[in-house]
Amino acid sequence: MNVKTAGRTLDLFEAFAREGKPLSLSQLARAIDAPVSSCFGIVRTLKARGYLYEVKARAGYYPTNLLFEQARVIAGHDPLAERFVPLLEKLRDQTGETVLLSKRLDRQALYLVVLDSLHSIRYSPKVGEFRPLHASASGKALLGNLAPTLRSELLGAMKLPRVTSRTITSRAALEADLEQGRSRGWYVTHGETVADLMAVAVPVAMNGETYSVALAGPVQRMEGALKRYAKLLAGLRATLEGRA
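In short, a report on the structure.

Quick look at empty space enclosed by the protein now. Taken as a whole and judged by the stated rule, the model has one cavity of 30 Å³ or more. Around the largest cavity sit 18 residues that line it, and Ser136, Ala137, Thr189, Leu197 and Ala199 are the ones nearest its centre. Of all the secondary structure elements, the ones that give two or more residues to the lining of the largest cavity are helix H7 (137-144), strand S7 (197-206) and strand S8 (209-218). When residues of the lining of the largest cavity are assigned to their parent elements, the largest contribution, three residues, is made by S7. In the lining of the largest cavity, the residues fall into eleven nonpolar, five polar and two charged.

Structure follows, in structure tokens:
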């Protein structure tokens, strides 16, 4: 496969992301600015490898979940994330709460590292789990750190489903919450994903990638220590970004 073909293959997946619907061969050819014959070769290869399927005869093609699953596995083994672990372990030991390292994958936050709390009653998600951007501290930190134009585009395309009675489901309210988080330097959720769970998170930018680091635990333990935890997270962020 030559460089032009590789570029066109990426253009094809970007066209599906942009349009959000099945596309015919002629539509795909126009989207990637390629002859129909060249486009057909790419589509045929991707279909044979399991990355595309034909919706119905002549109705068009659409990606399968294979690309998404492969991306999740790749993100879960991010070598850059491994550099965080010693500092995350120190943070877990300092606070006794669950520490989470996340990265944005489309419209969700993906847990890359989970260090369980030392308490018997704790928040214990698994590596590879997803959380909604609008209802998790990790997601809010990732959203809040986006460039304004990209954040606006993403929010415009996102649904904000209610997860608990405290979930923010209004775009205006979410944008206000994100602005508050940017102003103070940290983001918080209070029973927005799990009723009795509270979490605080900061974004961390490293090597052109943005991650979030969060502390999460039961509301009754987190509330009194929130400002101290936020200060510890801010210090961790400064260390990782080379500002300390």
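Let us look at the sheet that holds strand S3 (residues 98-105). Taking strand neighbours across the sheet as the criterion, the six strands line up as S5-S4-S3-S8-S7-S6 in an open arrangement whose pairing is antiparallel. If you trace the sheet from one side to the other, it starts and ends with strand S5 (130-132) and strand S6 (187-190), each paired once. Each neighbouring strand pair of the sheet contributes to a mean axis angle of 30 degrees, computed without reference to strand direction. Sheet topology places strand S4 (residues 108-115) next to S5; three bridges connect them, and they run antiparallel. Within the sheet, the bridge partner assigned to Ala109 lies in S5 and is Arg131. Lying on the sheet, helix H6 (residues 85-95) is in contact with S3, S4 and S8; it crosses S4 at an angle near 75 degrees.

Taken across its eight residues, S3 has seven buried, putting it largely inside the fold. Looking at chain direction, S3 and S8 are connected through six bridges and run antiparallel. Bridge pairing links Ser102 to Ser212 in S8. Here S3 hands over to S4 after two residues, with Asp106 in that stretch at a positive phi of 60 degrees.

For Asp106, which is not glycine, the phi torsion reads 60 degrees and is therefore positive. Position of Asp106 among the secondary structure elements: in the loop between S3 and S4. Not every positive phi belongs to a glycine, and Asn207 is a case in point at roughly 50 degrees. Secondary-structure assignment places Asn207 in the loop between S7 and S8. Owing to a relative accessible area of 65%, Asn207 belongs among the exposed residues under this scheme.

Attention shifts here to the layout of surface pockets. Within this model, the largest pocket holds a volume of roughly 750 Å³. Phe13, Ala17, Leu67, Phe68 and Asp106 are the residues nearest the centre of the largest pocket, which is lined by 15 residues in total. Looking at the lining of the largest pocket, the elements that each hand over two or more residues are helix H1 (3-19), strand S2 (60-63) and helix H4 (66-76). Counted as a void, the second largest pocket has a volume near 170 Å³. In terms of lining, the second largest pocket is formed by Lys103, Arg104, Asp106, Leu142, Asn145, Leu146, Gly208, Glu209 and Thr210.

Moving on: H1. The end-to-end C-alpha separation of H1 is 24 Å, in line with the 24 Å expected for 17 residues at 1.5 Å each. Residues of H1 that are buried: Arg8, Thr9, Leu12, Phe13, Ala15 and Phe16. One side of H1 holds all its buried residues, which, seen down the axis, span an arc of 150 degrees. Every exposed residue of H1 that faces more than 90 degrees away from the buried side is listed here: Val3, Lys4, Leu10, Ala17 and Arg18. For H1, the secondary structure elements touched by its buried residues are helix H2 (25-31), helix H3 (36-48), strand S1 (52-56), S2 and H4. Looking at the residues trailing H1, positive phi occurs at Gly20, about 65 degrees.

What follows concerns H6. Of the positions making up H6, those classed as buried are Leu88, Leu91, Arg92 and Thr95. Down the axis, H6 shows its buried residues gathered within 100 degrees of arc, on one side only. Within H6, the exposed residues directed more than 90 degrees away from the buried face are Pro86 and Lys90. On the buried face of H6, the contacting elements are S3, S4, S8 and helix H10 (219-240). Once H6 finishes, Gly96 follows within two positions and takes phi at roughly 80 degrees, a positive value.

Reading the values: rules and limits
Numbers given to residues run from 1 along each chain, matching the order in which its sequence is written. Selection of residues for local features in this predicted model requires a pLDDT of at least 70, selection of side-chain atom pairs for listing and counting requires 80 or more, and totals for whole chains, interfaces and linings are taken over all residues. Only hydrogens and water are set aside when side-chain values are computed; all heavy atoms of the structure are taken into account. The rule is simple: put a 1 Å grid over the protein atoms alone, call a set of points where a 1.4 Å probe fits but cannot get out a cavity, call an open set with protein on both sides within 12 Å along at least five of seven lines a pocket, and count a residue as lining if it has an atom within 4 Å of a point. Grid points are joined across faces, edges and corners, and a volume is the space filled by probe spheres set on the points. Think of it this way: any DSSP run of H or I at least four residues long counts as a helix, any run of E at least two long counts as a strand, and we number them from the N terminus. When residues are grouped by polarity, Ala, Val, Leu, Ile, Met, Phe, Trp, Tyr, Cys and Pro land in nonpolar, Asp, Glu, Lys and Arg in charged, and all others, Gly among them, in polar. Strands qualify as paired when DSSP identifies two bridges or more between them. To get an axis, a line is fitted to the C-alpha atoms, and for a helix only the part in contact is used. The angle between two axes follows their N-to-C directions and goes from 0 to 180 degrees. Residues are treated as being in contact if the distance between any of their heavy atoms lies within 4.5 Å. For every residue, the accessible area (1.4 Å probe, protein chains only) is compared with the maximum for its type, and the residue is labelled buried under 20%, exposed over 50%, or partly exposed between those bounds. Given a helix with a known number of residues, its expected span is that number minus one, times 1.5 Å. The directions considered for the arc are those from the helix axis to the C-beta atoms.

So far we have only geometry, and geometry alone does not tell us how the molecule works.
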